[in-house]
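Chain by chain, the residues run as shown.
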Amino acid sequence: MLSLRNTAFRCARKPRNAAYTHSHSKKQLWKQVRDPANEPSDKWNYNKSPLYESTAENVAGFPLVTANELEKKTERPRGVKMLTRDFIEDSLYNPHYGYFSKEATIFDSHEDPFDFANIQNSVHFQEEVAARYLPYGANEQLWHTPTELFKPFYGQAIARCLVSEYLLKYFPYEDFVIYEIGAGNGTLARNILDYIRDEHPDVYERTRYTIVEISANLVKAQKKKLHGVHPSVNVINQTMEVVDNFAHDVIRYDMETLQPYQGVVVVDKEGDLDMLYSPVTDPLIAGFLRLRKRLGHPIPVHRALRSSEILRKVYRSLPFAANMSTTEFIPTRMLSLLRTLRKHFPRHRLLLSDFSSLPDAIPGINAPVVQTRFRNSTIPTTTLLVRPGAFDIFFPTNFEQLRDMYECTISSPPHSSADEFLPERSTPLTSHSLSLKLGAGYFSSHWSVTNRRSPLDGVTSASGLPSAYPAYVMGALCLVGGVTGFVRTRSIPSIVAGVGVGALYLWSADSIRKGTPNGLEGALGASAILLLSSLPRVAKGPVPATLAVTSALAGTYYGQIVYQLRN
């Protein structure tokens with residue numbers, strides 16, 4: 001244990017049959033066997049080895065920086081240390097040398113989708129993809145997405161899912177507000193909006209589509225592709241990663257005490273990269289560890305060692321036994337996103353699509369793939385400590401873990417005196433709409449249209465909103481009753497009353513469905529008229545009796561809703 005100022009850093013001993021996560025300097029051995037004057041200056045990607053001297057004693061004076069602070073730097077940092085997530089974010093998103101800012105190009109199939117009907121098998125499909133890669137440079141950092149490969153069908157599938165949820169829960173009382181984080185070339189947004197426009201024009205009129213994009217270059221491409229076709233799109237250039245590029249932190253556990261240690265990436269004066277470990281002090285990492293404990297998710301240590309301190313001591317006494325657990329990558333930036341959703345979007349619905357597993361990942365639990373493209377070949381590495389900006393870094397998503405994190409985070413009260421406390425288990429997965437004051441009006445359409453009802457909790461319908469079906473049914477019964485009375489008795493008052501009250505019911509039902517004013521009051525008034533006119537004639541036959549009973553039920557239903565609205 002080396003004391004560096006007020007922080008203790010731990011260097012990991014290389015475990016048996018495990019990846020060694022501490023990168024040691026080669027400077028001493030290099031000077032013994034070669035002339036430093038003849039060697040290249042960039043020494044940022046040496047293979048790790050426990051045979052060389054560690055750089056740990058040289059980092060005490062290095063400042064701890066964040067990715068936000070490094071955004072102003074035009075050159076890659078030296079003589080600093082940072083948390084793993086800041087190293088990943090700086091490598092991917094720094095505006096001056098980041099991978100996505102300067103290196104990466106999104107594969108675009110030139111607006112022509114693949115002819116899947118004539119593709120015979122997966123081998124044929126790979127050949128077609130390879131043929132479309134040819135126009136790009138051999139060393140161009142090219143990456144593709146399911147959106148581009150399977151357009152427009154991938155976007156249409158996403159759109160069907162979104163629209164079905166909206167129609168069930170919110171239409172026609174709320175606008176359809178969609179946020180997309182990291183929209184690439186804008187193809188997914190284009191495919192989704194094209195589908196909604198063509199298949200659900202009523203929904204399209206109420207659609208607002210916002211893209212949150214970190215890359216200024218991609219913002220230009222998205223605006224060019226979308227603004228001329230879909231004016232409802234708003235593109236915001238703001239820092240926010242897509243799910244598989246959400247930065248992770250690294251933690252390891254002391255095998256004697258099970259105390260967690262956070263990984264700190266150190267960049268020395270010559271640009272060499274190293275990974276050191278210190279006791280957890282970062283609030284976001286600590287918050288994730290508390291959440292994992294609350295959820296009952298085990299730490300990456302064998303159950304027997306977790307349960308017995310004696311067994312851990314015996315294990316540590318074995319020759320070459322590791323003093324720390326396997327490297328684990330934890331989704332701290334994903335936790336930040338969930339907290340943002342809880343605070344600002346309590347009535348949201350979240351749809352995620354991502355990799356659940358990845359080949360060629362570096363060693364570790366939930367470890368990323370770190371790769372680059374060279375001479376038309378994809379080159380994966382075995383370490384995270386690579387030249388910033390030259391490699392893509394992307395993670396798999398543990399959806400079972402994420403599901404538990406999501407439900408627990410969304411249902412927990414925000415820790416702020418200005419926030420409303422959410423009821424227990426009030427997550428977007430519940431089947432009713434709650435009157436949440438914490439940002440509940442964000443998705444409301446009343447900012448632009450003031451003649452729509454607000455959703456009501458406790459109302460019996462598929463979405464928690466007033467149902468128009470009783471009014472439709474009563475309108476049909478009145479029309480049938482009026483016509484029947486006229487046919488049997490040639491009574492002009494019967495057909496006038498039946499058609500008049502029926503028309504009032506049908507107008508009210510249409511108003512309720514559209515969310516416009518006076519629909520509920522109209523249905524209540526029609527029920528009162530029908531009930532009062534049917535009661536004196538209840539004994540005269542089944543039709544007046546049926547109309548009296550059904551009008552009383554409909555009047556009770558709509559009367560309760562009107563009472564709730566006015567109180």
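Residues numbered from 1 in each chain as written. Predicted model: local features only at pLDDT ≥ 70, side-chain atom pairs only at ≥ 80, totals over all residues. Heavy atoms only, no water.

Engineer: Even after reading the chapter, I still don't get helix α7 (residues 153–169), so can you show me in this structure?
Structural biologist: Each full turn of the α-helix corresponds to 3.6 residues, which orients residues three or four apart in the same direction. Between its terminal C-alpha atoms α7 stretches 24 Å, which fits the 24 Å expected from 17 residues at 1.5 Å a residue. Listing the buried residues of α7 in full gives Gly155, Ile158, Ala159, Val163, Tyr166 and Lys169. Seen along its axis, α7 keeps its buried residues to an arc of 140°; they face one direction. Buried residues along α7 sit in contact with β6 (176–181), α8 (187–199) and α9 (201–204). (Helix = DSSP H or I, 4+ residues; strand = E, 2+ residues; numbered from the N terminus. Expected span 1.5 Å × (residues − 1). Buried < 20%, exposed > 50% of the residue type's maximum accessible area, 1.4 Å probe, protein only. Arc of directions from axis to C-beta. Contact = heavy atoms within 4.5 Å.)

Engineer: Mind showing me how you'd approach a nonpolar patch on the surface here?
Structural biologist: On the surface, Tyr469, Tyr472 and Leu506 cluster together into a nonpolar patch covering about 320 Å² of accessible area. Looking at the element boundaries, Tyr469 is found in helix α16 (residues 469–489). What makes Tyr469 exposed here is its relative accessible area of 65%. (Patch = residues over 30% accessible without salt bridge, like charges linked within 9 Å, V, L, I, M, F, W, Y side chains within 5 Å. Areas by Shrake-Rupley, 256 points an atom, 1.4 Å probe, with all protein chains shown as cover. Salt bridge = Lys/Arg side-chain N within 4 Å of Asp/Glu carboxyl O.)

Engineer: Is there a simple way to think about the pattern of salt bridges in this case?
Structural biologist: Inspection of the entire model under this criterion finds 11 salt bridges. Arg85 is the salt-bridge partner of Asp249, the closest N and O atoms lying 2.6 Å from each other. Of the two residues, Asp249 sits in strand β9 (residues 249–253) while Arg85 sits in helix α3 (residues 84–93), which places them 164 residues apart along the sequence. Between Asp194 and Arg197 there is a salt bridge whose closest N-O contact spans 3.4 Å. Of the two residues, Asp194 and Arg197 both sit in helix α8, three residues apart, roughly one turn of that helix. Taking the relative accessible area as the measure of exposure, Asp194 reaches 16% and is therefore buried.

Engineer: Got a minute to help me understand the nonpolar core in this structure?
Structural biologist: What tends to happen in soluble globular proteins is that the nonpolar side chains get buried as a cluster. Judged by nonpolar contacts, the single largest core of 30 residues is most densely connected at Met82, Ile88 and Leu384. Looking at this core, the elements with two or more residues in it are β3 (80–83), α3, α4 (99–103), β10 (260–267) and β11 (273–279). Counting residues per element, this core draws most heavily on α3, which supplies four residues. Excluding residues within four positions of it along the chain, Met82 makes contact with Leu64, Val65, Leu70, Pro77, Phe87, Val264, Val265 and Val267. With 27 residues, the next largest nonpolar core counts Leu284, Leu305, Met334 and Leu402 among its residues. (Core = buried A, V, L, I, M, F, W, Y, C linked by side-chain atoms within 4.5 Å.)

Engineer: How do you make sense of the sheet that holds strand β13 (residues 369–374) when you look at a structure like this?
Structural biologist: The pairing of strands in a sheet happens through backbone hydrogen bonds and is either parallel or antiparallel. Strand order in this open sheet of three strands is β14-β13-β15, and the pairing throughout is antiparallel. Since the sheet does not close on itself, it has two edges, and those belong to β14 (377–380) and β15 (392–394), each with one partner. Direction aside, neighbouring strands of the sheet carry axes that sit 30° apart on average. One ladder, built from three bridges, connects β13 with β15; its direction is antiparallel. (Pairing = 2+ DSSP bridges. Axes fitted to C-alpha atoms, helices over the stretch in contact; angles between N-to-C directions.)

Don't take any of this as a statement about function, it's just geometry.
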